[in-house]
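An overview of the molecular structure
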Amino acid sequence: MEEIYLDNAATTRVSDEVYAEMMDKYKNVYGNASTLYGLGREAKQVMESARETIAKSINADPEEIIFTSGGSESDNTAIMQTALSRQDLGKHIITTAIEHEAVLQPMRALEKQGFEVTYLPVDENGYISMTDFKEALRDDTILVSIMMGNNEVGSVMPIHEIGEILKDHQAWFHTDAVQAYGLLDIDVQRDHIDLLSTSAHKINGPKMIGFLYKHQGVNFPSFVKGGQQEDKRRAGTENVPAIAGFGKAVETITSDEKHRRQEKYYGFKQYLIDQLKANNVDFEVNGLVAKDNLNHVFNIWLKGISTYVMQTNLDLAGIAVSGGSACTAGSIEPSHVLVAMYGEDSPRISESIRISFGRYTTKEDLDKLVDAIVKTIGRIKKKGVTN
Ligand SMILES: Cc1ncc(COP(=O)(O)O)c(C=O)c1O
């Protein structure tokens, strides 16, 4: 059975060019980048060339890019190391209720260690309010960690406005750009961002590689301790083929390409909305369909149909979508994002699916998805069982 993959916010297929790049480097560039002989120097050169490409993609200097094992490690590092190294200046942190667990769990760990964390609420469309943010900001705030774009509903946060306020404040500004990277134009200087997390596997690169951007003025000790790699900022022998693959993935996503993708995915959303309506599917979109949101994420409430039943039936039809927060879920757990948006009593919590588009998604995939949703609903209604 042909697989239809519509869970690109969870992860993406490695592109052919990334695959070719990595195979070449696995075979030919196997030296340890910290060694001084030819093979080591070659590995270092490959790594530094990727670092340059990546730095350019967010208007940073190459020295500000630290390779990590991905989004989770970058988030953990930014949050834990900022808090622990700046506690003399205050113990207050601001974040949002709809961050990824890679942000929320370090926050909870810090609360246990005596830090005070403000979780900004979101409205029904998944946006924070700047009034709430301004009210929450205090003299003793040392860190603000607000995601660039949400992984479940695609809401984009007012990063530029927050950066403008924080540039004259002691708090360091961290943003989790794991979902936004590859779709939005990111400029750490324009937006006064101090720390930024990304992950290669969301943009057709390999898994377990990402970077943490750390502004030159930001100083904290390495989270992973050991050797002197990454200029003593992250120990561990660098995965040069993965870094080269990451660099290749970034190289192919030019600014034009980002805009093309955003347009294409926005069109996909409109198309799905039209098709579902034409087939009399009773649904509502979770969040807002807006051009400047992350358009690869399309989260819908299929009224009266449980997430579990729909997801399992789609799986039987060879279609991969997500229920709940796919990044954390092996099982389906209530999404804290939907709870924050609609309250825990909303039927949306147990009757929604997330469809997410990627580079290889086609209109035919969407037609097959609609067909499978319509058939599933028909079968369920016939049997009278929805949950
Ligand atoms: C917004 C966000 N942050 C962090 C992560 C974690 O990234 P990684 O899987 O690279 O650790 C994910 C995805 O899974 C994500 O969507």
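Here goes a summary of the coordinates provided. Computed from a predicted structure; not experimentally measured. (Residues numbered from 1 in each chain as written. Predicted model: local features only at pLDDT ≥ 70, side-chain atom pairs only at ≥ 80, totals over all residues. Heavy atoms only, no water.)

Section: the overall build of the protein chain
Our working rule: Counting from the N terminus, the helices are DSSP H or I runs at least four residues long and the strands are E runs at least two residues long. Here the globule rule reads 2.2 Å times residues to the power 0.38, and the radius of gyration is calculated from C-alpha atoms. We get accessible surface area from the Shrake-Rupley algorithm with a probe of 1.4 Å; when it comes to residues, only the shown protein chains can shield them. Note that His is not counted, nor are the chain ends; the positive residues are Lys and Arg, and the negative ones are Asp and Glu. The atom standing in for a charge is NZ when the residue is Lys, CZ when it is Arg, CG when it is Asp and CD when it is Glu.
A count of helices and strands for the protein chain gives 12 helices and 12 strands. Scaling as 2.2 N^0.38, a compact globule of 387 residues should have a C-alpha radius of gyration of about 21 Å, and the protein chain matches this with 21 Å. Overall size of the protein chain, expressed as C-alpha extent along the three principal axes, is 70 × 50 × 35 Å. Here the protein chain displays about 16400 Å² of accessible surface, and carbon together with sulfur accounts for 50% of that area. Within the protein chain, the 55 negative side-chain charges are centred at a point lying 4 Å from the centre of the 41 positive side-chain charges.

As for the sheet that holds strand β8 (residues 210-214)
The test is simple: One bridge is not enough; two strands pair if DSSP finds at least two bridges between them. An axis is simply a line fitted to the C-alpha atoms; with a helix, the fit covers only the stretch in contact. Between two such axes, the angle follows the N-to-C directions and lies from 0 to 180 degrees.
Across the sheet, which stays open at both edges, the seven strands sit in the order β2-β8-β7-β6-β5-β3-β4 with mixed pairing between neighbours. Of all strands in the sheet, those bounded by a partner on one side alone are β2 (65-68) and β4 (116-120). Across this sheet, the average inter-strand angle for adjacent strands is 20°, counted without regard to direction.

Considerations on the environment of Glu 251
Tracing the sequence through the fold places Glu 251 in helix α8 (residues 240-252). Spatially, the C-alpha atom of Glu 251 lies 8.4 Å from that of Ser 57, the residues being 194 residues apart in sequence.

Digging into helix α12 (residues 363-383)
One turn of the α-helix equals 3.6 residues, which is why residues spaced by three or four share an orientation. Using the following cut-off: Multiplying 1.5 Å by the residue count of a helix minus one yields the expected span of that helix. For every residue, the accessible area obtained with a 1.4 Å probe (protein chains only) is divided by the maximum for its type, and the residue is called buried under 20%, exposed over 50%, and partly exposed between those limits. Within this analysis, the arc is defined by the directions that extend from the helix axis to the C-beta atoms. We call two residues contacting when some pair of their heavy atoms lies within 4.5 Å.
Here α12 contains 21 residues, and its C-alpha end-to-end distance of 30 Å stays within 8% of the 30 Å for a straight helix at 1.5 Å per residue. Of all the positions in α12, only Asp 365, Leu 366, Leu 369, Val 370, Ala 372, Ile 373, Thr 376, Ile 377 and Ile 380 are classed as buried. What you see down the axis of α12 is that its buried residues fit within an arc of 165°, all on one side. Turning to α12, the residues buried within the fold contact β1 (4-5), α9 (255-278), β10 (297-302), α10 (307-316), β11 (319-320) and β12 (352-356).

A look at the pairing of β2
Where burial is concerned, the two faces of β2 agree: the one with Ile 65 and Phe 67 and the one with Ile 66 and Thr 68 are both buried. Pairing geometry for β2 and β8, over four bridges, is antiparallel. When the bridges of β8 are listed, Ile 66 appears paired with Leu 212.

As for the packing of α10 against α12
Test applied: By definition in this entry, angles of less than 35 degrees are roughly parallel, angles greater than 145 are roughly antiparallel, angles of 65 to 115 are roughly perpendicular, and the rest are oblique. A crossing counts as left-handed when the near helix is turned anticlockwise from the far one by less than a right angle, and as right-handed when that turn is clockwise. In this classification, Asp, Glu, Lys and Arg are treated as charged, Ala, Val, Leu, Ile, Met, Phe, Trp, Tyr, Cys and Pro as nonpolar, and every other residue, Gly included, as polar.
At a closest axis distance of 10 Å, the pairing of α10 and α12 adopts a crossing angle of 125°. Taken together, the axis directions place α10 and α12 in an arrangement best described as oblique. For the element pair α10 and α12, the recorded crossing hand is right-handed. Taken together, the residues of α12 that come into contact with α10 (itself represented by Val 309, Met 310, Asn 313 and Leu 314) are Leu 369, Ala 372, Ile 373, Thr 376, Ile 377, Arg 379 and Ile 380. Considered class by class, the residues forming the contact of α10 with α12 number eight nonpolar, two polar and one charged.

Considering the packing of aromatic side chains
Our working rule: Note on aromatic contacts: the rings of Phe and Tyr and the six-membered ring of Trp form a pair at centre separations within 6.5 Å, being stacked when their planes are under 30 degrees apart, edge-to-face when over 60 apart, and tilted otherwise. Ring-over charges, as used throughout, are those where CZ of Arg or NZ of Lys falls within 6 Å of the ring centre and within 35 degrees of the ring normal.
As enumerated under the stated definition, the model contains seven aromatic pairs in all. Note on Trp 172 and Phe 220: the rings are 6.4 Å apart at their centroids and 55° apart in plane angle, and the pair reads as tilted. Taken together, the residues span a long stretch of sequence, with Trp 172 in strand β6 (residues 172-176) and Phe 220 in the loop between β8 and α7 (229-232) at a distance of 48 residues. Each member of the pair, Trp 172 together with Phe 220, is buried. The aromatic ring of Tyr 360 is capped on one face by Arg 13, whose charged end is 4.0 Å from the ring centroid.

What about a nonpolar patch on the surface?
What counts, and what does not: Exposure above 30% relative accessible area and no salt bridge define the residues that can form patches, which grow by joining like charges within 9 Å and nonpolar side chains of Val, Leu, Ile, Met, Phe, Trp and Tyr within 5 Å. Note on definitions: salt bridges are taken to be side-chain nitrogens of Lys or Arg within 4 Å of carboxyl oxygens of Asp or Glu.
Taken together, Tyr 19, Met 23 and Tyr 26 make up a surface patch of nonpolar side chains, about 330 Å² in accessible area. Checked against the element boundaries, Met 23 lands in helix α1 (residues 16-28). Owing to a relative accessible area of 36%, Met 23 belongs among the partly exposed residues under this scheme.

A few points about the pairing of β12
Most of β12 sits out of view: five of its five residues are buried. Burial along β12 is two-sided: the face carrying Ser 352, Arg 354 and Ser 356 and the face carrying Ile 353 and Ile 355 are both buried. Looking at chain direction, β10 and β12 are connected through five bridges and run antiparallel. Along β12, the bridge assignment pairs Phe 298 with Ile 355.

Some details on the pattern of salt bridges
In total, this model carries 24 salt bridges according to the counting rule given. Between Glu 230 and Arg 51 there is a salt bridge, with the nearest N and O atoms lying 2.8 Å from each other. Within this pair, whereas Glu 230 is found in helix α7, its partner Arg 51 is found in helix α2 (residues 38-57), the two being separated by 179 residues in sequence. Here the two residues Glu 230 and Arg 51 agree in accessibility, since each one is buried. Arg 261 is the salt-bridge partner of Glu 257, the closest N and O atoms lying 2.8 Å from each other. Linking Glu 257 with Arg 261, this pair stays in helix α9, spanning four residues, or about one helical turn. Glu 257 gets classed as buried once you look at its relative accessible area, which sits at 18%. The exposure class assigned to Arg 261 is buried, which follows from its relative accessible area of 8%.

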